[in-house]
Amino acid sequence: MSEVANDDPETETESCAEEDVEPKLKYVRMSNDLQNILNKDTISCIAVHPKFLCVGTHWGEVHLLDHQGNTVSQRVNVPHHMVAVNQISVDGKGEHIGTCSDDGMVIISGLCTDENNQKLNIGRAVRSLCLDPLYYKSGSGRKFIVGDNKLSLYEKTFLKSLKSTVLSESEGNVSSMAWNNQFVAWASALGVRVYDLSERWSLGLIRWEQPKSLALSDFRCNLRWSNSTTLLIGWVDTIRICVIRKRNSVEVSTRDLPGFIVDPVSTFQTDFFVCGLAPLEANQLVVLGVPKERDLENSKSLRPILTVLLYKSCDYVEICTDSLSLRGYQEFHCNDYSLDCLIEENQYFIVSPKDIVVASPYEHDDRIQWLIEHGRFEQAMEVISVHGGRYSLVSVARLYLDHLLTHGLYEDAAKLCLRAFGNDKLLWEEEVYKFVKVQQLRAVSMYLPRSMDCKLNPHVYEMVLYEYLKLEPPGFLALIKEWHPTLYNTSAVINAVQDHYNEKDKAILLESLAILYSHEKKYEKALAMYLKLQHKDVFALIKKHDLYAVIHRMIVPLMQLDTEKAIAMLLEKNKIASDVVVAQLEAREDYLYVYLDALDRVDPSGRFHWKMVGLYAKYAREKLLPFLKRSNKYPIQEAYDICKERLYYPEMVYLLGRMGNTREALSILLHKLENVQLGIEFCKDNDDMDLWHDLINESLDKPHVMTKLLDGIAGYINPDLLVSKIKLGQKIPGLKKSLIKTLTDYSLQVTIQDGCNQILVTDYFNLHEKLYKTQQKAIHISNDFQCGLCRRSVLTKESTLYGNTQSNGKHDILAFNCRHVFHENCLPDKSVDFCTICKSKK
C-alpha cells in the first residue's frame, strides 16, 4: 500500500504497512491553473473527455482545462450556474457541454458553434444530465436526458422545437445517469434501471438493498459503461457487474418482452464505501472508496483509497490498494469524491473538492523503476528482457551488483556478472573492481572470462591470485593449476609468492612455484621445487617437457620420491644413458641394485653383470644363483670370492664347477651342505669318473649314503664299481632293495643300448644301400649346366657324356655326384677322380 503525498504536484509514494506489494498504478497530482481555481473554489463534479477536462465548482463555475490542469482558451463562454454544478455531460466528439444544477437550469453549450445551444429552466433541482453521445451529429435529434424527480428525454423535432418524453417517474429522484449507444442506465430511490431507447422499453429494475443504519439516498450511485454491453454499478458498499444480452427470439415473440435483458454476472460487497469505479483489464476494476471507519482520535474521515481488484462471481481478490493523501480529506465524505476515466488511455481521474489526482497503470519503465527502488532487481531484469524500455539490462545489473555486494551476497553477485556482462571485456574490467573493495575477488574468480576472444587485462587475474595468496592459499594453488599462464604475468606472481612465503603453507607455495617455474620454462627450478616438496608430479613434468637431460644430478632424489616411477622413467629407451644412472647411484647401492635388476630384464647386453653379483649377494640372495647360471659376463673368480666371503655354498658349488674345480665343489656339497643327492646330481652333470670315485670313497663309511648312491648311479657308472667296494659284513639299510633296483636299471639300460645298436646297424646298411643306388643313377645334363672352371656351357653338338665309366666316343665331359660338371680339356689332370670344387667322386 502506498500514499500519495499532499504537498508535491508530482507522483510521490511513501512507505506504508504493505509497501512491498508491487503497485498497479502511478499517480500525478494535477496542478497549473487548476490550483488557482481551487484556491478560490471547490470541485463539485467533473467530466473527462480525450480532448479536455470540464470542472464544475460549488460556486456554479464551469472550467475547461487540458489534462495537465491548464485553462483551454475558447471563443464561446462555458456554462455558468447560480449554485453548485451537479453533473457535466460531454458528447462523443467533445463539441458540446451540458450542465445541470440545483438552480433548476440545464445548459447546453457548443464549443464550436452556438447553433444547438440549449438553456432550460426546469423549475426544480436537477441532479443529473446526459447528452446523447451522438449529440454533435446532424439528424441525431440532438437528444439529452434530464433527471430530477423523474427521467425525461428531450429531442428536437423537424421544426427545431424541443419535445419532452417522460421515460420514468414515481421512483424518486434520479441521482445519476450513464448513456451508452441505445442504452441508458439511471439510479432512483428503488435501484438501478436500464432503458432501451431504440425499443423505448425498460429492461428491468435492479433493486438495491437498504444499508443497515444508513439511508440509500445518502449515497451517490456510481454508474459506468465499460463497453457497449457491460455496466458497472457501485453503490454504498456493493459492486455489481451487469451484462446486456439478447433474449431468445422465441421468448420475445411469445411473451411480448424486450429484445434485451440485464444479466448480473457478479455481485460482491466491499469493506469500504464506493465513490467510483472503472474498468482496468479483463475482470479487473479500479475502485475509489472511503473507509467505513473514522479516525479514532478525532472522529474525522480517513484517507480515501484506490483499489485494484479482480472480481469473481460472488467475491473479489484485492490486487493492490493505495491510500491517497488528498488535500483536506479529513473533512470530506463519500459523496464528495468521484472517479472518472479515459478507458482507451487507461487514465483515472480521482476527484475531491480540493484535488484532482490522475492515476494510470504502471508502464514497463515505471514498473522497472519501482522494482529497482524496492530491491527487486531480478524482476526488473526480467521485465527489461521481455519488454525493453529506457532502462538497459546492464544499467540495472550494475545497480543489482552494488545491492548484492552491500548485503554480502558475493556468490550471487559473481553469477550476476557472468549472466549480465557475458564476454563484454570493458564491463568486466569496470565492475570487477567492486569486488576488490570488499576483498571478494575469490567469489568472482571462477566466472571471469578466460577465452582468447575475451581475455581481461592481466592485472585483473593477478589481483585475484594475490587475494587468494593472502587469504586462501589452497585456492591460489587451484587457480594456478586451472588458469592458462597467458592470462597473467608469471614473473609477477612468482615474486608475490616469494614475498608471502611462510612455513605454514610451505607445501602449497612450493607446488605453486613449481608450476609457475614450469610456465616460465625454468624446469630445473621447477624440478627442484617438486623434489623439495617430495611431490610425484615431478615425473609428469619431466615427461611432458622432455627434461631427461637436466635430471642427471637428481636421480637419487627421484628414486627416493618414487622408486617405481623413477625406474620406469630411467629405463625409457634413448632417454638417459645407463652409464650416467649407474654413476649417480654408486653411492646408493640399494637403488643401484633395483635399477640394474630392472635394466637386466630389458637390456640383454649384460654390461653391468660384473656389478650385479655383489648387489644380488647383498640385496637378493634368491636371485643370485639363477643369475650366475644364466649369465657368463661376470668375472668368475670375483663372483666366487664374493660367495665364499658370504658362505653362499650352492653358488660356490656352481662357480667351482664352471672353474673346473669339480672336486672342491663336490666336497662342499658333501661336507658343507651335507647333501648327497645334490652331490649325485653334480656328478651326473659333470660325468667325470674321478668325481664318481671321490663320491663313492666319501660314502663308503656312510651306509645311508651308500643306499642313495645305489639308487642314483644307474645309467652313469657300472654298479660293480660301487658294489665291489662294500665291505663284507657292512650293514647298509635297504641294500637288497637298492641292489635289485640298481641291477634291474642296469639290465634295462643294457637292453636299451642293444636295441639302439641294432637299430643303428640296420639304419646304416639301409642308408648305405640307398646312397649307392642314388649314385648309380644317371645324371641329367642340360644347356643350363656350365663348366666349373671355364664357366661355359658344357653341351655342344659333338659332346658326349661320361660318368664313372668309359665309352667308345670322345671323352669330353666329366660329371661328379655332387652335380658339378667340367670339360675334360679344362681339367689339368684328365684322370682326376674327385671334383676340384667339393672333392666328391665322379
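All values reported here derive from a predicted model rather than from experimental measurement.

Visitor: Explain the packing of aromatic side chains to me, using residue names and the numbers behind them.
Guide: What the rule picks out here adds up to 17 aromatic pairs. Judged by centre distance (5.4 Å) and plane angle (85°), the rings of Y461 and W483 are edge-to-face. Of this pair, Y461 sits in helix α10 (residues 458–471) while W483 sits in the loop between α11 (473–482) and α12 (490–499), and the two are 22 residues apart along the sequence. This pair shows no difference in class: Y461 is buried, exactly as W483 is. Taken together, a centroid distance of 5.9 Å and an interplanar angle of 75° make the contact between Y593 and Y616 edge-to-face. Linking Y593 in helix α19 (residues 589–602) with Y616 in helix α20 (residues 609–619), this pair joins segments that are 23 residues apart in sequence. Look at Y616 and you get buried, because its relative accessible area is 2%. Ring pairs connect the aromatic residues Y593, Y616, Y619, F627 and Y634, which therefore count as one cluster. Across from the ring centre of W208, 5.0 Å away, lies the NZ or CZ of R240, which sits over that ring.

Visitor: Just give me the short version of the confidence of the model for the protein chain, but keep the residues and values in it.
Guide: Averaged over every residue, the pLDDT of the protein chain is 84; the share at 70 or more is 89%. A low-confidence stretch, residues 5–18 stays under pLDDT 50, and its non-local contacts, those more than four residues away or across chains, total 28 contacts. The low-confidence segment residues 799–810, where pLDDT is below 50, has 21 contacts with residues more than four positions distant or belonging to other chains.

Visitor: Just give me the short version of the sheet that holds strand β14 (residues 162–168), but keep the residues and values in it.
Guide: The strand order across the open sheet built from 4 strands is β11-β12-β13-β14, with neighbouring strands paired in antiparallel fashion. Of all the strands in the sheet, just β11 (128–131) and β14 have a single pairing partner and so form its edges. Within the sheet, the average angular offset between the axes of one strand and its neighbour, ignoring direction, is 20°. Both strand β13 (residues 151–156) and β14 contribute to a ladder of 6 bridges, which runs antiparallel. Paired with K156 across the two strands is L162, which belongs to β14.

Visitor: Please provide a residue-by-residue account of the sheet that holds strand β7 (residues 85–90), values included.
Guide: As a general point, the strands of a sheet are linked pairwise by backbone hydrogen bonds and lie either parallel or antiparallel. Pairing is antiparallel in the open sheet, where 4 strands are placed in the order β7-β8-β9-β10. Looking at strand neighbours, the two that pair on one side only are β7 and β10 (118–121), the edges of this open sheet. Going across the sheet, the axis of each strand differs from the next one's by a mean of 10°, ignoring polarity. Here β7 pairs with strand β8 (residues 96–101) via 5 bridges, running antiparallel.

Visitor: So what's going on with the pattern of salt bridges? Residues and values would help.
Guide: Applying the stated criterion across every chain, the model contains 32 salt bridges. The shortest N-O distance in the salt bridge between E651 and R621 comes to 2.9 Å. Of the two residues, E651 sits in helix α23 (residues 649–659) while R621 sits in helix α21 (residues 621–630), which places them 30 residues apart along the sequence.

Visitor: So what's going on with unusual backbone geometry? Which residues, and what values?
Guide: Although it is not a glycine, R200 sits at a positive phi angle of roughly 50°. With respect to the helices and strands, R200 occurs in the loop between β17 (191–196) and β18 (201–207). One non-glycine residue, Q439, adopts positive backbone phi at about 55°.

Visitor: Which residues make up the pairing of strand β3 (residues 25–29), and what values go with them?
Guide: Residues L25, Y27 and R29 line the buried face of β3, whereas the alternating positions K26 and V28 sit on a face that is not buried. Pairing of β3 with strand β29 (residues 355–361) involves 5 bridges; the strand directions are antiparallel. Residue pairing for β29: L25 is matched across the bridge by P361.

About the cut-offs
Residues numbered from 1 in each chain as written. Predicted model: local features only at pLDDT ≥ 70, side-chain atom pairs only at ≥ 80, totals over all residues. Heavy atoms only, no water. Phe/Tyr/Trp six-rings, centres within 6.5 Å; stacked < 30°, edge-to-face > 60°. Helix = DSSP H or I, 4+ residues; strand = E, 2+ residues; numbered from the N terminus. Buried < 20%, exposed > 50% of the residue type's maximum accessible area, 1.4 Å probe, protein only. Lys NZ or Arg CZ within 6 Å of the ring centre and 35° of its normal. pLDDT = per-residue confidence, 0-100. Contact = heavy atoms within 4.5 Å. Pairing = 2+ DSSP bridges. Axes fitted to C-alpha atoms, helices over the stretch in contact; angles between N-to-C directions. Salt bridge = Lys/Arg side-chain N within 4 Å of Asp/Glu carboxyl O.

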